[in-house]
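Now for the letters of each chain:
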Amino acid sequence: MQMLITGIFLGGVYAIIAVGLSLQYGVSRIMNLAVGEMLVAGAFAAFWFSTAQSLNPYLSLLVVIPLAFGANWLIYRYLLLPLVRRAKTRGQLEVDSILVTFGLSFTLVGIFLWAFGGEFFNYSFLSVPVEIFDSRYGQNRVLAFVIAFVVCAGLWIWLNHTRSGLSMRAISVDTRAASLVAIDVEKSSNFAFALGGAIAATGGMVLSTFLTFDASIGIVFTLKALVIVIMGGVGDIRGAIVAALVLGITETVVARLIDPGLTLAAAYVLFLLILLFRPQGLFGRAQT
Amino acid sequence: MKLKTLSTLVGAVTLAGAAVFSASAMAEDTIRIGAAAPKTGPLAGGAAVTYWPNVELWAHQVNERGGILLNDGERHPVEIIEYDDRTNPTETIRAVQRLATSDGVDFIIPPYGTGMALATAPIFDRLGYPMINVTAITDQTDALTARYDGVFFTLGKTTPLAQGIARLAADMKANGEVGNRLAMVNVADAFGIELAEAARGIFEEEGFDIVYSTSYPPTIQDVTPIINSAQDADPDLFVAFSYPPDTFALTEQAQVSGLMDEVDVFYTAVANAFPAYRNRFGDGIDGVYGVGGVNPEDPAFVEYKEAHMAVTGAEPDYWASAVMYSSLQVLEQAIEGVGTLDRQAVTEYLKNNSFDTVMGEWTFNNQQISNYWTVGQWQNGDFYGVGSFGDMEGTADPM
């Protein structure tokens, strides 16, 4: 039980890292390698709120969400949209967007270093135990899981039960066909990218309550998010969530029953197995 | 349009860089000192605490004095040339080579981290630069100093560092202050593995029962399973040869799960002695043991700490910071002692003289400093050295 709960909590963390990218890649077709830096930006904002302003770090969400949304909206509008318009094929767009966002990630790391310096950052928030089924867990982790759950559930409801969500799904299935049925693809893609960025920043804020981070840690999150999005199946939010939970539980069980040294190996074995037997990902559609 | 702006910007930056470069090249009386260490990558956080601020502090103080006094009777200011090695040994090697050959610096401050130091020691040797290592800890120091004439070590060897906590625990066990059930974990990195191997032997010799032992990858995301497993084994001591991010994570998780209250000895390694550790955990870490130490009441350390805070705006750590600063003091004193920038003469001077540092008097024996702190403890917000190798003054009693 303790193992399962720990695994689910970790899975929740992974989910909130990955759903932002899932949205950005699935709808906006941008393989955003700077998504980890968005997380770090959220973490820095929370750190600043908590230490410099002595405020509840969760209050920083009031600023982080609109700011991250705006910044990502601008990034898509002025940095990525020209690439989208120029790209003749999806493959070309992927290569171009990977290069641009890779560069963007370096720029952001440089900005963080300049603004905050290179040392480790962390602060203490709700680092007190709460008992669930006779085992103790940090309240900050429980809260992080609740936030991850709310974000994922909210996204799922939006995508599956609203008209605008439906158009997002339509775009992720077929961009050209979507534009034929009067969906403004550029506008919706821009919105999806901005929302994905805002979710990533929220994730970073939540993570900062228990994780030690520094200016250049973003790449770690980006890699994790990539693995999860590809495992889950491109363009399906359910896939990313399920993959994140599976990964979290697997890592915890392996660490607990076999050896913590094998968590990374277990994660990649899982990744490999899924790629071998379901190359389109858990919930992905086969490419036509 | 966008590309144009970007290229203009790049051009401007390059020009500015070139301007700084030529200005310094013109002033021929400056002493050029190179430094290559991480500003990004996994070790950047540690370097930002221990390495870079001391380089800044030292350069600031030297230049405030007017510079280093040479035989021409004049003081020569120092100029620091910094490279980010991105925590990548290949980059470190490249940066050191570039410093020596294209920047033509007079001296090079060794890189940060054991791996980087070992990777570049042959380069320093080949290029003829003295290398006064600080953050390089290995049992191979004797072999290395025998092979490389100008390579020095100051922070200690692996086995004595592991002995620090192991002997302390053995003494406590002998006095009946602690049981003999030991949980030991380590980060699967050269530093963690070497320390754990050295410590395991000593713990077993001293009759400890190792009830839980494991290693974990440096990129570990969640240490909860490790703490839970350790807790299930019901240990009396918890010893972790850990690196900065996991040092914080293990401590927090041990507090949350209650493990920290259940054990008599709780020990973590690198970053334990960082001010950030105390800032994060406050009173909760009173009594926690960690690698390294200082004598926080030593006037020389207090003065150093105040200067460090005034110049860099940050507190030094309680282990390697003062040693790092001392290594730069030693370099300065050796250059002044020789009176020229002759690197071979500086190396010889280093071997044959004593130096006055914030860590006390330093004399290299076999190119090594053999007095150093091995284990410390947080006591009322300060980190006290409670165990040392050689003879360190001001060893505190564990509480």
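### Overview of the overall build of chain A
Next up, step 1: When helices and strands are counted, chain A shows 11 helices and 2 strands.
Next up, step 2: Along the chain direction, N to C, the helices and strands of chain A fall in the order α-α-α-α-β-β-α-α-α-α-α-α-α.
Next up, step 3: Taking 288 residues into account, the globule formula puts the C-alpha radius of gyration at 19 Å, and chain A, at 19 Å, falls close to it.
Next up, step 4: C-alpha extents for chain A along the principal axes are approximately 55 × 45 × 35 Å.
Next up, step 5: Evaluated residue by residue, chain A yields a buried proportion of 52% over its 288 residues.
Next up, step 6: In chain A, of all internal contacts separated by at least 6 residues, the share reaching a separation of at least 24 is 75%.

### Here we look at the overall build of chain B
Next up, step 1: Looking only at helices and strands, one finds 15 helices and 16 strands in chain B.
Next up, step 2: The C-alpha radius of gyration computed for chain B amounts to 22 Å, which stays within 12% of the reference 21 Å derived for 399 residues, consistent with globular compactness.
Next up, step 3: Across the 399 residues that make up chain B, the buried fraction comes to 53%.
Next up, step 4: Taking the intrachain contacts of chain B between residues at least 6 apart in sequence as the baseline, contacts between residues at least 24 apart amount to 65%.

### Some thoughts on the sheet that holds strand 16 (residues 382–389) of chain B
Residues and elements named next belong to chain B.
Next up, step 1: Read across the open sheet, the 7 strands follow the order 9-8-10-11-12-15-16; overall the sheet is mixed. Looking along the sheet, the strands with just one partner apiece sit at the ends: strand 9 (209–216) and strand 16. Ignoring which end each strand starts from, the neighbouring axes of this sheet average 20° apart.
Next up, step 2: Note that strand 15 (residues 372–379) and strand 16 share 7 bridges and pair antiparallel. If you follow tryptophan 373 over to strand 16, its bridge partner there is serine 388.

### Side note on the nonpolar core
When a protein is soluble and globular, its nonpolar side chains tend to lie buried together.
Next up, step 1: With 214 residues, the main nonpolar core has Ala18, Val19 and Ile228 of chain A together with Phe238 of chain B as its most contacted residues.
Next up, step 2: The residues that make up this core include at least three from each of domain 1 (28–157 + 298–372) and domain 2 (158–296 + 374–389) of chain B.
Next up, step 3: Among all residues touching isoleucine 228 of chain A, those that are not within four sequence positions of it are Tyr14, Ala18, Ala240, Ala243, Ala244 and Leu247 of chain A.

### What about unusual backbone geometry?
Peptide bonds are trans in most cases, and residues, glycine excluded, mostly fall at negative phi.
Residue and element names in this part refer to chain B.
Next up, step 1: Of note, the phi angle at asparagine 366 is positive, near 60°, even though the residue is not glycine.
Next up, step 2: Positionally, asparagine 366 belongs in the loop between strand 14 (360–363) and strand 15.
Next up, step 3: What makes asparagine 366 exposed here is the crowd of 12 C-beta atoms within 10 Å.
Next up, step 4: Its identity is not glycine, yet asparagine 380 carries a phi of approximately 50°, on the positive side.
Next up, step 5: One can find asparagine 380 in the loop between strand 15 and strand 16.

### Regarding the pairing of strand 15 of chain B
Residue and element names in this part refer to chain B.
Next up, step 1: Most of strand 15 is tucked away: 7 of the 8 residues are buried.
Next up, step 2: Here 3 bridges tie strand 12 (residues 289–291) to strand 15, and the two strands are oriented antiparallel to one another. Bridge assignment links glycine 290 to a residue of strand 15, and that residue is glycine 376.
Next up, step 3: Linkage of strand 15 to strand 16, two consecutive antiparallel strands, is achieved through a turn of 2 residues, within which asparagine 380 is found at a positive phi near 50°.

### A few points about the interface of chain B and chain A
Next up, step 1: In this assembly, 33 residues from chain B lie in contact with 31 residues from chain A.
Next up, step 2: For the side of chain B that touches chain A, the secondary structure elements donating two or more residues are helix 2 (44–50), strand 9, helix 9 (224–232), helix 10 (244–257) and helix 12 (275–281) of chain B.

### Topic: helix 7 (residues 158–174) of chain B
Residues that lie three or four places apart on an α-helix share one face, since the helix turns once every 3.6 residues.
Residues and elements named next belong to chain B.
Next up, step 1: Look at helix 7: 24 Å from first C-alpha to last across 17 residues, which is about the 24 Å you get at 1.5 Å a residue.
Next up, step 2: Taken as a whole, helix 7 carries its principal kink of about 30° at glycine 164.
Next up, step 3: On its buried side, helix 7 packs onto helix 8 (190–205), strand 10 (237–241), strand 11 (265–268), strand 12, strand 15 and strand 16.
Next up, step 4: Of the residues one or two after helix 7, glycine 176 is the one with positive phi, at around 75°.

### Examining the domain arrangement of chain B
All names here are of chain B.
Next up, step 1: Taken as a whole, chain B is organised into domain 1 (28–157 + 298–372) and domain 2 (158–296 + 374–389).
Next up, step 2: Look at where the C-alpha atoms of domain 1 and domain 2 centre, and you get two points 29 Å apart.
Next up, step 3: Every contact between the two is made by 22 residues of domain 1 and, on the other side, 25 residues of domain 2.
Next up, step 4: Broken down by secondary-structure element, the contributors of at least two residues to the side of domain 1 that touches domain 2 are helix 2, helix 5 (114–127) and helix 14 (320–338).
Next up, step 5: Looking at which element gives the most residues to the side of domain 1 that touches domain 2, the answer is helix 2, with 3 residues.

### With respect to the environment of isoleucine 65 of chain A
Residues and elements named next belong to chain A.
Next up, step 1: Inspection of the secondary structure puts isoleucine 65 in helix 3 (residues 61–86).
Next up, step 2: Take isoleucine 65: there are 18 C-beta atoms within 10 Å of it, and that puts it in the partly exposed class.
Next up, step 3: In contact with isoleucine 65, not counting residues within four places along its chain, are Ala198 and Thr202.

How each quantity is defined
As a convention, each chain's residues are numbered from 1 in the sequence order in which they are written. All chains are assigned letters beginning with A, and all ligands numbers beginning with 1, in the order in which they are written. Where local features are concerned, this predicted model is filtered to residues with pLDDT of at least 70; where side-chain atom pairs are given and counted, the filter is 80 or more; whole-chain, interface and lining totals use all residues. Strands here mean DSSP runs of E at least two residues long; helices mean DSSP runs of H or I at least four residues long; both are numbered from the N terminus. What the globule rule says is 2.2 Å times the number of residues to the power 0.38, and the radius of gyration is computed from C-alpha atoms. The exposure label follows from counting other C-beta atoms within 10 Å of a residue's C-beta, where the C-beta atoms are placed from the backbone and the thresholds are 20 or more for buried and 12 or fewer for exposed, leaving partly exposed in between. Any pair of residues counts as being in contact when their C-beta atoms, constructed from backbone geometry, are within 7 Å of one another. Any two strands are treated as partners once DSSP identifies two or more bridges connecting them. Lines fitted to C-alpha atoms define the axes here, with helix axes fitted over just the stretch in contact, and angles between the N-to-C directions of these axes take values from 0 to 180 degrees. Connectivity within a nonpolar core runs through C-beta atoms within 7 Å, and the core itself is a set of buried Ala, Val, Leu, Ile, Met, Phe, Trp, Tyr and Cys residues. Start and end positions for the domains come from either an automated domain assignment or a database one. Expected span, for any helix, means 1.5 Å times one less than how many residues it has. A residue's bend is simply the angle between two axes: one fitted to the seven residues ending at it, one to the seven starting at it.

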